[in-house]
Amino acid sequence: MVIIMNNKCNALITASTKGIGYQAALSLAEKGCNLVISSRNKDNIDKAKEELKKKRVKVYGIKGDLSNKADIDRIFAYAIKKLGGIDVVVMNYGNPKCEPCNIIDATYSDWVYSFNMYLYSTAEAMNFSYKYNKKKANFIIISSFSIYFPMESTSLSDIIRIGLLPLIKTYSRLYPDKIRANALLLGSFRTEGSESLIRKLAKKMNVNEEEFWNRYVKEISPLKRLGRFDELKDIISFLAFSPEYLTGSVILFDGDTLNCII
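Conventions and cut-offs
- Residues numbered from 1 in each chain as written.
- Predicted model: local features only at pLDDT ≥ 70, side-chain atom pairs only at ≥ 80, totals over all residues.
- Heavy atoms only, no water.
- Helix = DSSP H or I, 4+ residues; strand = E, 2+ residues; numbered from the N terminus.
- Rg over C-alpha atoms; globule rule 2.2 N^0.38 Å.
- Buried < 20%, exposed > 50% of the residue type's maximum accessible area, 1.4 Å probe, protein only.
- Contact = heavy atoms within 4.5 Å.
- Areas by Shrake-Rupley, 256 points an atom, 1.4 Å probe, with all protein chains shown as cover.
- Lys, Arg positive; Asp, Glu negative; His and termini not counted.
- Charge placed at Lys NZ, Arg CZ, Asp CG, Glu CD.
- Phe/Tyr/Trp six-rings, centres within 6.5 Å; stacked < 30°, edge-to-face > 60°.
- Lys NZ or Arg CZ within 6 Å of the ring centre and 35° of its normal.
- Pairing = 2+ DSSP bridges.

(A) View of the overall build of the protein. On a plain count of helices and strands, the protein comes out with 9 helices and 7 strands. Relative to the 2.2 N^0.38 estimate, which gives 18 Å for 262 residues, the radius of gyration of the protein is 18 Å and therefore close to what a compact globule would have. Referenced to the eigenvectors of the C-alpha coordinate spread, the extents of the protein come out at roughly 50 × 40 × 35 Å. A burial count over the protein gives 53% of its 262 residues as buried. Considering only intrachain contacts with a sequence separation of at least 6, the fraction spanning at least 24 residues in the protein is 72%. Total accessible area on the protein stands at roughly 12600 Å², and carbon and sulfur atoms take up 54% of it. The distance from the centre of the 38 positive side-chain charges to the centre of the 28 negative ones in the protein is 7 Å.

Structure representation (structure tokens):
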């Protein structure tokens, strides 16, 4: 059911033309939020915009790379201008270009790129919002259950993303008048990004892709399944419209998945 909220909700969702980011955008559009979406690919932006507009909300798109400070500032300035202020920010991210990779093979450039994409982009987004967004912004920071026990294949991003937790605590405590932030640690969802990762890992281990999904992804959850997009949309909308008292928190949304070392 689509709930229109008199256009009182304005949301920015980064990396939002596919996968987790797109589902977050769809969730908020279904609740009546006007949107700004971003991606590194203009064609993907145009396609996602047309789909999201079917929810009878305003949708704007802007191309940008979260590893670049100028792009981060430009994305947020654009969103504030188009929407007249931002109520909800979903910080979704891409993946380090080298992954899946062994951490011993990660280069200096891989480390810098990953740091900028995850940690610096989030800090800069909150800084820009604090200075120029007239509203108090509710930040939903997307991360993974695997940050607590980094997996071999995603160790670079896992090690860096753990830093998002003290970051949201710090901003929520120091700037409660303008920043509210919570981290959402997700389990496994079947997206184009996860399929690409699994395809590479399955090939490396010389196993069938579906067998890999079943043995190393589904079976490590007591539910014996992946997360569903309807469940993801529910948790995003809950966090977007949850009581203000929920801030600086970490929400583990992973089906009680066991960490593995793949």
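The discussion continues.
(B) Focus on the packing of aromatic side chains. Applying the stated rule across the entire model yields 7 aromatic pairs. With 4.6 Å between their ring centres and 50° between their planes, Phe128 and Tyr132 make a pair best called tilted. One end of the pair is Phe128 and the other is Tyr132, both in helix H4 (residues 108–132) and 4 residues apart, which spans about a single turn. The exposure class assigned to Phe128 is buried, which follows from its relative accessible area of 12%. Judged by relative accessible area, which is 51%, Tyr132 ranks as exposed. Grouped by ring-pair contacts, the aromatic residues Tyr130, Tyr171 and Tyr175 constitute a single cluster. Above the ring of Tyr130, the side-chain terminus of Lys178 is found at 5.4 Å from the ring centroid.

(C) Focus on the pairing of strand E6 (residues 179–186). Of all 8 residues that make up E6, 8 are buried, and the element is covered over most of its length. By the alternation rule, side chains of E6 split into Ile179, Ala181, Ala183 and Leu185 and Arg180, Asn182, Leu184 and Leu186, which are all buried. Alignment of strand E5 (residues 137–144) against E6, held across 8 bridges, turns out to be parallel. Within E6, the position partnered with Phe139 by the bridge is Ala181. The pairing of E6 with strand E7 (residues 250–253) spans 4 bridges and is parallel. Looking across to E7, one finds that Ala183 is bridged to Val250.

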